[in-house]
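Inside the fold
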Amino acid sequence: MDPIIQTIQLFQHTLHHDANVIKAAEAQLQQIKVTDGYSRILLKILASNEVDISIRQGVSIFLKNMIITKWRGVEGESPITQEDAEFIKENLIDLLVHSHHLVSNQIEAMIEIIANRDFPEKWTSLLPKSIQYINTQDVKLILAGLTSIQLGIKRFRYVTMGDKKKELLFKIVNEVFPLLLQILEFLSQHQTVESALMQKKVIKIFGYAIHFEIPDLLIQPEVFNKWLSQFVRIIQRPITPQENVKHADDCRKNQWWLLKRTTAKLLNLLFRKSATSIRSTDHASAKALNKLFMPVYSVEIMKVFYEELSKLEQLYKGIHYERYQQKLVEYFSFAIKYGVTYVAMKPMLPTLIQQVFFPIICFNDKDAELWECDPHEFLRSQFESSMVFATARIEVLNFIIDVVGKRGRANLDMIMGFCIQLLNKYNSATDASEKNPREKDGVLIIISVLSAYLKNISFYKSNLEQMLLLHVFPELSSPYGFLKARACSLFSEFYNIQFTDPVYFSNALKLILGLMSDADLPVRVKAGTSICNLVRANQGVDELRPILPQLLDKIFSLLSEAESEDLVIAIESIIQRFKHEIAPYAVNLCKNLSEQFLRLLELEESDESGENGFASQECLGVYCTLLRALKDIPDVFNSLEQQIVPILQKLFTADHMMYLDEALRILTFITYYPKSISPLVWSLFPQIMKLFDECACDFASSYVNPLDNYISYGTEHFLATPQYVEMVFNMYKKMVGDIHQQPVDAGDTCKIMESLIQRAKGRIDYIIAPVMELACGRLLNTDKNNQKSKEFTVYLLEIIANCIYYNPLLAVQYLESKNLIEPVFGLWFNKIKHFQRFYDKKISVLAFSSLLTLNPSPNFVKHGTALILDKMLLFTKDMLSIEKELDKQEAEREEKIKNGTLKPEDEFVDEDEDDEDYFDNHKFEFEFTEIPDNQDCQHDDEGEVFLDDIEKATEYFENGGDLGEDEADNFEAGDDDQDSDEDLFEDEDTPDFETPIDEVDGFEYMINAIQNFFQINPTCIQQISEKQQEKIKKYVASAPARKEKLRLEKEKEEKLKQQQKK
């Protein structure tokens, strides 16, 4: 059978209604696709208009996938033959000319894939053929040629400055861009859809070419001016009613609007590239662009954009592309930062804000349509749109924030004067027809985004109460739903101002509670989310406390109507505010929370667009807040576990990795606060360990706390189940035994192993040697691929220290049998400055002391007595200094309590709870940093550092992974003694972690060990210096007094615990 006919039949079978027929056809296609020359057959089918379009569409997707695997060299796939590759490249552009649009998208994808690998060096025909096509008068040929050039040049957009590949791009630019400019000028005379599409492609080609570095040809003044003239012409060209669409939502498919948006986006890119501060290391082209564009063009384009924005609404009556409008506004947001553009902008600023930008903010016809027809979308577009994309409204608000924040108080006063004028006009109107509620909505939005300034500047702060009473609270009863929703939002923004009469706050709060049952969903939701802030106020607590269960039920009810993260946060705020009253409602609250979480999870997983947000993740945060609030009531945890554990069982799977951090955090709480572990919670242990082994190695830090709790509070059950010990050991082995594992993750598994060794002292002898073998192996491995850090080196040495403290005889026997005494202790003593934490010092003292208790003493201990004692005494001195400082702080704290400047409860603040945020009355006065109008605003230092990092990284990869000698230290991953005085463990998640050795007095343990050692080895006293002997005698003499001090402190601590329980 003819292979073409056979292939067509196979693709017909892939569309069959019988799944078995489909499966057989797909299997046969997979077998024959490896045949040399098969891609030619597929191309011939695509070129035939006689073949059904559904078949050609299937063939185009199949061929695209073949090209992806064969050109990118996917493992298991044979590379394409040279003959087939040349045939495909010779015919793809021709095929693009006459293909159906359902097929052309796939052909364009094929061209892009191949161009990324082969153009221009190995695909030498692409450029000549494209130029040949665009020199014709045939629209299809011109489009195919422009598309091919666009896809070819696209590969250069992320090639950095100075890359040799840029030379190839510059050659292409020199050859093609004069022709593209002619085409752009020619197309300006043609008003067809095809003309708009071709112009858009030329603009995109220009954008790709200048993405990182502008070619020399394009910064020649005459050439640059011609291109800029064409860009301005496109922006200024009006779209006729015949060319425009009937509905604004269709603008994103209209080629004329897409052309305008693409051009505006390119002009923004040119502005950003030319305005960025010039550094001495910048390429000459960047300096030339800055000098060429900023003095004149930046201002002229801003004026063009101003004119375009001014007439946009009037000219198109609301039927325009919002993303285009957003790009126009974005230019002004950027222009604020630069003196040359801000000076030009300042005279037009009042008009720009009041007449051009303000209408964009206000409630409009599209909002009204959404309010009625799709209230969920209204909520998302009004209050959450910035999470999806930047709308024109969001861009205007960003402009207002920046023009005040970057250019000073005068702009704040001008904007607020305008707002106050409109508010007074609204209030003074006697006839309802004279009131413009949409304008008022815009004013309230502006006040909301400027709230941080208004709350912290005396003049405005003193008038906030009057503003709320006159202009906001009345709208809580407004006939306009959108104003009620906005008033709820604004009241919650100013929740913490001081009212002269508490009744004002109480009355408004009652209205908010009533609006949670409003007829309009957006009003109900905004009333519910405003509770998030309102419960934080000092006022209103008495009104909310009696209705706490009803309030929670209502918010949960709202959550079932709208997937709002803010509603979930409101629940969390209520729990935090009423943590002492929440216990009676905890079980029901947890049940509702679980139901909502599962519902939200299902919604988010079924939402392919990703626009439903992350409300389910916020739910997990509420679990944590609830568990912390109940930490002093351990009996309630058994009931809560019935609701929580099924949720965790669902989340501890490979399909839900994005929830793993929060899920492990919840597990930490339910294994810590009860101080015991139920069988139900134990059922999760094998599941989380299996998950770690399969795909959760990167989450090692999140595993530390829950695993430590399992080991610490369920020690007997843990040790009675040998497979649990094996699981923890295998985790440790997986991370420490593999030199490619990151030090930070491997170090976290060392912490877990330390917990096991300390909790199981004397009961896990069989794993000590394997644990030490892995630690020593990683520690002493000199392979250049061995991932190490200073902190990780300390963790590995502490594993050895823990093993010595666990059983010094077993540990020494292993070290001696492997001839590791000298390398391990040599490294240990060499890294002594890296042992900076109290724990590091203490475990080392305990390990060294344990060595001194051995009888008979090992030879290396007897011969190295002076060195071992030197390190022990050094660490002990440091530990005593730390204890002394802690005693001093405790004395100061008690003195403050005694004189009334500190309350005992003030020092006990729940994790993640910021009282300053809860009860902040904004007592500081905000001061603007005023700079001259003609000066640039201060640049973001982090941005400059980022640019430097890009340059270094580029150099790194260009040199095959090796930097120059001067920069090598910046990328050093090894563990050396440089910067030995630096602070380590700064990112330690649990700096005050608890361990079993907390109950061991390291000082007493050391004294006893030293005395024991010299009784066994009296001659060794001759090895140590007189200074060491005197220090030991001093410590021995102080031991009884220290022991008594610790006893009194323990008694005091026990009394305090009893008082807290009462």
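Residues numbered from 1 in each chain as written. Predicted model: local features only at pLDDT ≥ 70, side-chain atom pairs only at ≥ 80, totals over all residues. Heavy atoms only, no water.

Details of the overall build of the protein
Spelled out, the test is: A run of H or I in DSSP becomes a helix once it reaches four residues, and a run of E becomes a strand once it reaches two; helices and strands are each numbered from the N terminus. Between buried and exposed lies partly exposed: a residue is buried under 20% and exposed over 50% of the maximum accessible area for its type, with that area taken using a 1.4 Å probe on protein chains only. Note on contacts: a residue pair qualifies if any of its non-hydrogen atoms lie within 4.5 Å across the two residues. Note on areas: these come from Shrake-Rupley sampling with a 1.4 Å probe, and a residue is covered only by the protein chains present in the view. Neither His nor the chain termini are counted; the positive set is Lys and Arg, and the negative set is Asp and Glu. Where a charge lies is defined by one atom per residue type, namely NZ (Lys), CZ (Arg), CG (Asp) and CD (Glu).
A tally of regular secondary structure across the protein gives 51 helices and zero strands. Projected onto its principal axes, the C-alpha coordinates of the protein cover approximately 105 × 85 × 65 Å. Each of the 1062 residues in the protein was classed as buried or not, and the buried ones make up 51%. Look at the contacts in the protein between residues 6 or more apart in sequence, and 76% of them connect residues 24 or more apart. Total accessible area on the protein stands at roughly 50100 Å², and carbon and sulfur atoms take up 50% of it. Positive and negative charge centroids in the protein, built from 115 and 162 side chains respectively, lie 1 Å apart.

Notes on the nonpolar core
Worth spelling out the cut-off: In this text, buried Ala, Val, Leu, Ile, Met, Phe, Trp, Tyr and Cys residues form a nonpolar core when linked through side-chain atoms within 4.5 Å.
Membership of the largest hydrophobic core comes to 351 residues, with the highest contact counts inside it found for F177 and Y703. A per-element tally of this core places helix α13 (residues 284–316) first, with 13 residues. If sequence neighbours within four positions are ignored, Y703 has contacts with L660, L664, I688, L691, F692, A696, M731 and I752.

A few points about the packing of helix α37 (residues 700–713) against helix α40 (residues 743–759)
Condition: Here the axes come from fitting lines to C-alpha atoms, over the contacting stretch only for helices, and the angles between their N-to-C directions go from 0 to 180 degrees. Convention used here: angles under 35 degrees read as roughly parallel, angles over 145 as roughly antiparallel, angles from 65 to 115 as roughly perpendicular, and any remaining angle as oblique.
Look at α37 against α40: their axes get within 9 Å of each other, and the N-to-C directions meet at 5 degrees. Relative to α40, the element α37 lies roughly parallel. Facing α37, whose interface residues are A700, S701, Y703, V704, L707, D708, I711 and S712, α40 presents D745, D748, T749, K751, I752, S755, L756 and R759.

Thoughts on helix α29 (residues 548–561)
Every α-helix carries 3.6 residues per turn, so stepping three or four residues along brings you back to the same face. As a reminder, the rule being used: One less than the residue count of a helix, multiplied by 1.5 Å, gives the span that helix is expected to have. It is the directions from the helix axis to the C-beta atoms that the arc portrays.
The first and last C-alpha atoms of α29 sit 20 Å apart over 14 residues, in line with the 20 Å expected at 1.5 Å per residue. Here α29 has its buried residues at L548, L551, L552, I555, F556, L558 and L559. Looking down the long axis of α29, one finds its buried residues gathered within 160 degrees of arc, a one-sided arrangement. Buried positions along α29 lie against α26 (502–515), α27 (521–534), α28 (541–544), α30 (565–577) and α31 (586–606).

Focus on the pattern of salt bridges
As a working rule, side chains carrying opposite charge can pair if their charged atoms are close by. Test applied: Each reported salt bridge corresponds to a side-chain nitrogen of Lys or Arg within 4 Å of a carboxyl oxygen of Asp or Glu.
Evaluation of the coordinates by the stated rule reveals 42 salt bridges. Here E662 and R665 are joined by a salt bridge, their closest N and O atoms 3.9 Å apart. Note that E662 and R665 are positioned in helix α34 (residues 660–672) at a spacing of three residues, about one turn of the helix. The partly exposed category is assigned to E662, whose relative accessible area is 25%. Taking relative accessible area as the criterion, R665 reaches 22% and is therefore assigned partly exposed. One salt-bridge network, held together by shared partners, links R40, E83 and D84.

Remarks on unusual backbone geometry
For residues that are not glycine, phi is negative in most cases, and the peptide bond is trans in most cases. Cis peptide bonds are those with omega within 30 degrees of zero, and the linkage from F119 to P120 qualifies with 0 degrees. Topologically, P120 is positioned in the loop between α6 (101–118) and α7 (126–134). Cis geometry marks the peptide bond from N855 to P856, where omega comes out at 5 degrees. Its place among the elements puts P856 in the loop between α45 (838–852) and α46 (859–863). Not every positive phi belongs to a glycine, and K317 is a case in point at roughly 50 degrees. Looking at the element boundaries, K317 is found in the loop between α13 and α14 (322–335). Judged by its relative accessible area of 64%, K317 is exposed. Within the chain, N819 stands out as a residue other than glycine whose phi angle is a positive 55 degrees. Counting through the fold element by element, N819 comes out in the loop between α43 (808–817) and α44 (821–830).

Focus: the side chain of T262
Short version of the rule: Counted as a polar contact is a pair of N or O atoms within 3.5 Å, where, for protein atoms, one must be capable of donating a hydrogen and the other of accepting one, and residues adjacent in sequence contribute only when both atoms are in side chains.
Here T262 lies in helix α12 (residues 255–275). Taking the relative accessible area as the measure of exposure, T262 reaches 14% and is therefore buried. Engagement of the side chain of T262 in a polar contact is seen with the backbone oxygen of L258, the distance being 2.7 Å. Not counting residues up to four positions away in its chain, the partners in contact with T262 are K200, I203 and K204.

Brief notes about the confidence of the model for the protein
Just so we agree on the cut-off: As a per-residue measure, pLDDT reflects the predictor's confidence and takes values from 0 up to 100.
With 90% of its residues at a pLDDT of 70 or more, the protein has an overall mean of 88. A low-confidence stretch, residues 905–921 stays under pLDDT 50, and its non-local contacts, those more than four residues away or across chains, total 28 contacts. Contacts of residues 941–980 to residues separated by more than four positions or lying in other chains number 43 contacts, the stretch itself having pLDDT below 50.

Some words on the packing of α12 against α14
As a reminder of what qualifies: Crossing handedness: left-handed means the near helix sits turned counterclockwise from the far one by under a right angle, and right-handed means the same turn made clockwise. Put simply, Ala, Val, Leu, Ile, Met, Phe, Trp, Tyr, Cys and Pro go in the nonpolar bin, Asp, Glu, Lys and Arg in the charged bin, and everything else, Gly too, in the polar bin.
Two numbers describe how α12 lies on α14: the axes approach to 8 Å, and their chain directions differ by 15 degrees. By the criterion of interaxial angle, the relationship of α12 to α14 is roughly parallel. Crossing geometry of α12 relative to α14 is assigned as left-handed. Along its contact with α12, which presents W257, K260, R261, A264, K265, L267, N268, F271, R272 and A275, the element α14 presents R323, Y324, K327, L328, E330, Y331, F334 and A335. Of the residues contributing to the contact of α12 with α14, the split by class is 10 nonpolar, one polar and seven charged.

Re the state of the cysteines
Quick reminder of the rule: The criterion for a disulfide is a pair of cysteine sulfur atoms lying within 2.5 Å.
Taken as a whole and assessed by the stated rule, the structure comprises zero disulfides. No disulfide involves C532; its sulfur sits 14 Å from that of C488, the nearest cysteine. Here C590 stays unpaired: no disulfide links it, and the sulfur of C619, its closest cysteine neighbor, is 11 Å away. Residue C590 is classed as buried on the basis of its relative accessible area of 0%.

Describing the environment of D367
For D367, the position within the fold is in helix α17 (residues 365–373). Overall, the relative accessible area of 4% leaves D367 in the buried class. Sequence-wise, D367 and E377 are 10 residues apart; in three dimensions their C-alpha atoms are separated by 9.4 Å. The residues touching D367, leaving out its near neighbours within four places in the chain, are C362, F378, Q382 and R393.

Overview of helix α16 (residues 349–361)
Those residues of α16 that sit buried are L349, L352, I353, V356, F357, F358, I360 and I361. In this structure, the buried side of α16 is in contact with α13, α14, α15 (339–345), α19 (392–407), α20 (409–428) and α21 (437–449).

Quick word on the packing of aromatic side chains
Heads up, the condition is: Here a pair means two rings of Phe, Tyr or Trp (six-membered ring of Trp) with centres within 6.5 Å. Their orientation is stacked below 30 degrees between planes, edge-to-face above 60, and tilted elsewhere.
Applying the stated criterion across every chain, the model contains 55 aromatic pairs. Between F729 and Y732, the aromatic rings sit 6.3 Å apart at their centres with planes inclined by 45 degrees, giving tilted as the arrangement. Within this pair, F729 and its partner Y732 are both found in helix α39 (residues 722–736), separated by three residues, close to a single helical turn. On the basis of relative accessible area, Y732 is assigned to the buried category, the value being 0%. When the centroid spacing of 5.8 Å and the interplanar angle of 70 degrees are considered together, the rings of Y805 and Y1005 count as edge-to-face. Placement of the pair is Y805 in helix α42 (residues 790–806) and Y1005 in helix α50 (residues 1002–1016), with a sequence separation of 200 residues.

Topic: the side chain of K484
Within the secondary structure, K484 is located in helix α25 (residues 481–493). Residue K484 is classed as buried on the basis of its relative accessible area, which comes to 13%. When near neighbours in sequence (up to four residues on either side) are disregarded, K484 contacts E475, L476, S478, L515, D518 and V523.

A few points about the environment of L810
With respect to the helices and strands, the residue L810 is situated in helix α43. Of the residues examined, L810 reaches a relative accessible area of 28% and is grouped as partly exposed. C-alpha of L810 to C-alpha of D282: the two residues are 528 residues apart in sequence and 62 Å apart in space.

A short note on the environment of I45
Summarising the element assignment, I45 is placed in helix α3 (residues 38–47). Since its relative accessible area comes to 1%, I45 is described here as buried. For I45 and I8, which are 37 residues apart along the polypeptide, the C-alpha to C-alpha distance reads 7.8 Å. Ignoring sequence-local partners within four residues, the contact set of I45 consists of I4, T7, I8, V51, R56 and V59.

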